[in-house]
Amino acid sequence: MHRANSALSMASPKKIASLLINGSNRGKILSALASRPYNSAASEPFLNGTTSNYVEEMYNNWLRDPSSVHTSWDAYFRSNTYSAPPNLAPAMRNMVPLSSVSGFSGVSTGAPDEKIIDDHLAVQAIIRSYQIRGHSIAHLDPLDINIPEVPENSTTKAIHASFNFGEHDMERQFKLPSTTFIGGNETHLSLREILNRLENVYCNKIGVEFMFINSLEQCNWIRKRFETPSVMNMTSEEKRLILARLTRATGFEAFLAKKFSSEKRFGLEGCEMMIPALKQLIDVSTELGVESVIMGMPHRGRLNTLANVCRKPLHHIFTQFAGLEAADDGSGDVKYHLGTYIERLNRVTNKNIRLAVVANPSHLEAVDPIVQGKTRAEQFYRGDNEGKKVMSILIHGDAAFCGQGVVYETMHLSDLPDYTTHGTIHVVANNQIGFTTDPRFSRSSPYCTDVARVVNAPIFHVNADDPEAVMHVCKVASEWRATFHKDVVIDLVGYRRNGHNEIDEPMFTQPLMYQKIKKLKTTLDLYADRLIAEGTVTVEEVKSVAEKYEKICEEAFELAKKETHIKYKDWLDSPWSGFFEGKDPCKVSPTGLKEETLVHIGNRFSSPPPNAAEFVIHKGLLRVLAARADMVEKRIADWAMAEAMAFGSLLKEGIHVRLSGQDVERGTFSHRHHVLHHQLVDKATYTSLCHLYPDQAPYSVSNSSLSEYAVLGFEHGYSMTNPNALVLWEAQFGDFANTAQCIIDQFISSGQAKWVRQSGLVMLLPHGMEGMGPEHSSCRFERFLQMSSDDPDYFPPESDEFAVRQLHDINWIVANCTTPANYFHILRRQIALPFRKPLIVATPKSLLRHPEARSSFDEMSENTEFQRIIPECGSASSNASNVKKLIFCSGRVYYDLTKARAENKLEADVAIARVEQISPFPFDLAKKEAEKYKNAEIIWAQEEHKNQGSWSYVQPRFLTALNSERDIS
């Protein structure tokens, strides 16, 4: 079940060898290669793709020294049938081999035997076919359910039956090409030995997929690490270490099964080798300079990973099974969703290492972009521009890795300049089943890992019942990541000994598979028997290691019994050391600025690059810059200017600002223009906010890939790393946010309640019912309000700290601002708060250029702040007792209402108040405004339909604020 059943009917590379040996019919070579299910380089024309790279390499070697290549290549290139590639350097193209010089006797000028040429070309093609296709008949499945049948001695029979090759030819010596390392220090091998070594490398317990990579250097790097003779040999100490780690992984699951037999724990039985594999990845990476590893994983094996990879105290884990109440706030989460953060000494490398496992919901792959964003942020704050100190490891299930679209979205961030983490190691815990669904019903590709091919990531399939093969693959994967800083995938092919969880019955749906599983020895037993047989360990030693770990677990179990409460903060995956200490939790720093700061930022934001004479700016943008300068002169700001002032002032204060999303550099509505482009020079840009002050914090504005799910998740992960940063994600249109609904629901809205994890992420969602059709109008404001955690029937005690206490107690902030000044203040308030909450802002479209949507510098200067409600300040305010209607509204519709009121000359009869912060609801200010207009009818106005927008949220809260003495309609 590891791959499609069609693999059983595929001919082995040994059978293909008989066709490849026939140099007289290249069509047979091509048809044999093309008969495989993949559409990779092997099915391309002979001199295309990676094949052409190889031939060009042979040609270049021949030009330098004809004796360095086999006589068959020498004859081929001297026969003038080969055309030099057009990109060959002229100096090389015009080179004349010494062998063609009259009188040179280094190489015979006689024509070599055609059979010798054909035989050598065939051998080289055989080697290549193993490198390309060997994985397809490798023995990867420990259940032996999907092992292709390879007839014994098939190669010998094929050779005897084809093209006059007899048994004696198997002992003929062939020169090895430069694209293989099976010879080690030997340059010639017999055909039999070549086939045996290739079979051992590519068709044993490891299957290597890499020949689709379009880099000869990278392909040769991989070949060398798998083909070199004895490369997988291990010392006795290394084998003992594998045994000890495997014993702990197996013992942990057995202990939980014994003590908590009726509990769901999503154990790792059947794929216990994942634990030694992860430890090997961390050991090798630490040795190569990595200091911090951030991991994301689903629920299966999480507790084992926390215990044996992170070394989280065992009694903390056992306490999670006791059903104790929490000592701190929050709803908590099931034990197999929790994360952790550990700093410890790596005993193998004797270096300190930081390990974080990011908390994850049941949505299996949702954590992938979170991990990548957190990793990128940690690299940024450490100045790790090449990813040498911080790395990510993502663990996947086989069904989820090929089935969840966020995997593909996250993969495509891997090489983007502002999103790359410089290589991620992916480990697929391949159970060969998804809950109850067989692979043949859950994917269309041969392997669950085929998605990784799109980013040229090498894929190493390995049988999880061969611990030493697993260790070698992990070593190579770690070295690959350290060398090339690109993604790599380990497909750890095991099985699931129990059902989807421990109380599930798998025989209902996979009876034959589980009949086999019941008869199988564990990986630990198989490996222990192997080491005992070879004399590496004794039976007593194996038993002693198991008993020692059993004792450790028993002691931790007894310690867990003494606990009376659990603490969610013990499971925090992103601690903010020192952030909360010494702060008044109810004190908000001022958000207003000195006018000279506003003017300075405004002038810089309005100015062309310093080398304006050389930097050619688009004429339309010159007008934009001139308009901005005019606003600064008049002491007013539009939406873009207010945003730039908020960003610039935070940068001045040392706060890193990162704005990300689709087209954010210019802005969907062409209003922002943070990045100016030279009109005559490609890739020449200027970002004024990066040049405000000599000692300012870094500013990053990044056009993202066309993804919401992965990019929003990435930015959320980025925001988790450091509270002293303003991280913003802007949707191209607000309604596009729904493709990231999983991140919004499972992480942003509920992350603090479940995992005691705060985030100050800002979501900017363009919103407005302005005739752009049903798709580009609403950001579905009602959905965010529905997920707000405040009680509609509870009016908090009024005090000077009313507003900040509301913010402290709620899960997030939802706002719909009507003025640039209020937008400016709410952005700055994100950093001014003594804690962090996500902020959802319904941003405008038409208001970006609305002549009345302007704010004076007076509204952003010192002693000003964010206004949760902007009261009526016109003539109705001075004649409150005679006002007939008090209209509460929010957002763009305010300008429509004021226009209609003016047209009908109702300024004295109708008061309009703007609710800028919808959630948490400003009960105190709503009550104050309503009491002012005691005789007025109270109305809520919105541009959205009644079942959308804010109405369903604000109606019960208005009734609470009014104490049910007055109604609102």
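To be clear, the structure that these remarks concern was listed above.
Residues numbered from 1 in each chain as written. Predicted model: local features only at pLDDT ≥ 70, side-chain atom pairs only at ≥ 80, totals over all residues. Heavy atoms only, no water.

A. Seen up close, the nonpolar core. Judged by nonpolar contacts, the single largest core of 176 residues is most densely connected at Met274, Phe318, Ile393 and Met763. Per-element accounting of this core gives the leading share, nine residues, to helix 18 (residues 467–484). In contact with phenylalanine 318, other than residues within four places in its own chain, are Phe252, Phe255, Leu256, Phe260, Cys553, Ala556, Phe557 and Ala560. Ranked by size, the runner-up nonpolar core spans 53 residues in total, among them Trp639, Leu689, Leu764 and Leu827. (Core = buried A, V, L, I, M, F, W, Y, C linked by side-chain atoms within 4.5 Å. Buried < 20%, exposed > 50% of the residue type's maximum accessible area, 1.4 Å probe, protein only. Helix = DSSP H or I, 4+ residues; strand = E, 2+ residues; numbered from the N terminus. Contact = heavy atoms within 4.5 Å.)

B. Inspection of the sheet that holds strand 17 (residues 762–766) at higher detail. Taken in spatial order, the seven strands of this open sheet run 15-12-16-17-19-18-24, and their pairing is mixed. Sheet topology places strand 15 (699–703) and strand 24 (917–919) at the edges, where each strand pairs with a single neighbour. Here the strands of the sheet are splayed against their neighbours by 20° on average, with no regard to which way each runs. One ladder, built from five bridges, connects strand 17 with strand 19 (residues 839–843); its direction is parallel. From the neighbouring strand, valine 762 faces strand 19, where its bridge partner is leucine 839. (Pairing = 2+ DSSP bridges. Axes fitted to C-alpha atoms, helices over the stretch in contact; angles between N-to-C directions.)

C. Focus on the packing of helix 9 (residues 216–227) against helix 18. It is the contact of helix 9 with helix 18, at a shortest axis distance of 11 Å, that shows an interaxial angle of 150°. Taken as axis vectors, helix 9 and helix 18 run roughly antiparallel relative to one another. Of the two elements, helix 9 crosses helix 18, and the hand of that crossing is right-handed. Each of Glu217, Gln218, Trp221, Ile222, Arg225 and Phe226 in helix 9 lies in contact with helix 18, whose residues at this interface are His472, Val473, Val476, Glu479, Trp480, Thr483 and Phe484. (Parallel < 35°, antiparallel > 145°, perpendicular 65-115°, else oblique. Left-handed = near helix turned anticlockwise from the far one by under 90°.)

D. Highlighting the pattern of salt bridges. Tallied over the entire structure, the rule returns 38 salt bridges. Residues lysine 258 and glutamate 550 are paired through a salt bridge, measuring 2.5 Å at the closest nitrogen-oxygen approach. Of this pair, lysine 258 sits in helix 10 (residues 236–259) while glutamate 550 sits in helix 21 (residues 539–561), and the two are 292 residues apart along the sequence. Lysine 258 gets classed as partly exposed once you look at its relative accessible area, which sits at 48%. Put simply, lysine 388 and glutamate 386 hold a salt bridge, and the shortest N to O gap is 3.0 Å. The class for lysine 388 is partly exposed, based on a relative accessible area of 48%. Residue classification places glutamate 386 among the partly exposed positions, given a relative accessible area of 42%. (Salt bridge = Lys/Arg side-chain N within 4 Å of Asp/Glu carboxyl O.)

E. Structural view of helix 32 (residues 923–932). Every buried residue of helix 32 is accounted for by Phe923, Asp924, Ala926, Glu929 and Ala930. Packing partners of the buried residues in helix 32 comprise helix 29 (802–809), strand 21 (869–870), strand 22 (885–889), strand 23 (910–915), strand 25 (937–940) and helix 33 (951–961).

F. Highlighting the packing of helix 22 (residues 595–605) against helix 24 (residues 639–652). Contact geometry of helix 22 with helix 24 gives a least axis separation of 9 Å together with a crossing angle of 115°. Considering their axes alone, helix 22 and helix 24 lie roughly perpendicular with respect to each other. Where helix 22 crosses over helix 24, the handedness of that crossing is right-handed. Contacts between helix 22 and helix 24 involve Thr597, Leu598, Ile601, Gly602 and Phe605 on the former and, on the latter, Ala640, Met641, Ala644, Met645, Gly648, Ser649 and Lys652. Among the residues making up the contact of helix 22 with helix 24, the classes are represented as seven nonpolar, four polar and one charged. (Nonpolar A, V, L, I, M, F, W, Y, C, P; charged D, E, K, R; others polar.)

G. Main features of the environment of valine 357. Here valine 357 shows up in strand 6 (residues 351–357). It is 7.7 Å that separates the C-alpha atoms of valine 357 and leucine 306, two residues lying 51 residues apart in sequence. With residues up to four places along the chain from it excluded, the contact list for valine 357 reads Met295, Met297, Arg302, Leu306, Cys310, Gly339, Thr340 and Asp573.

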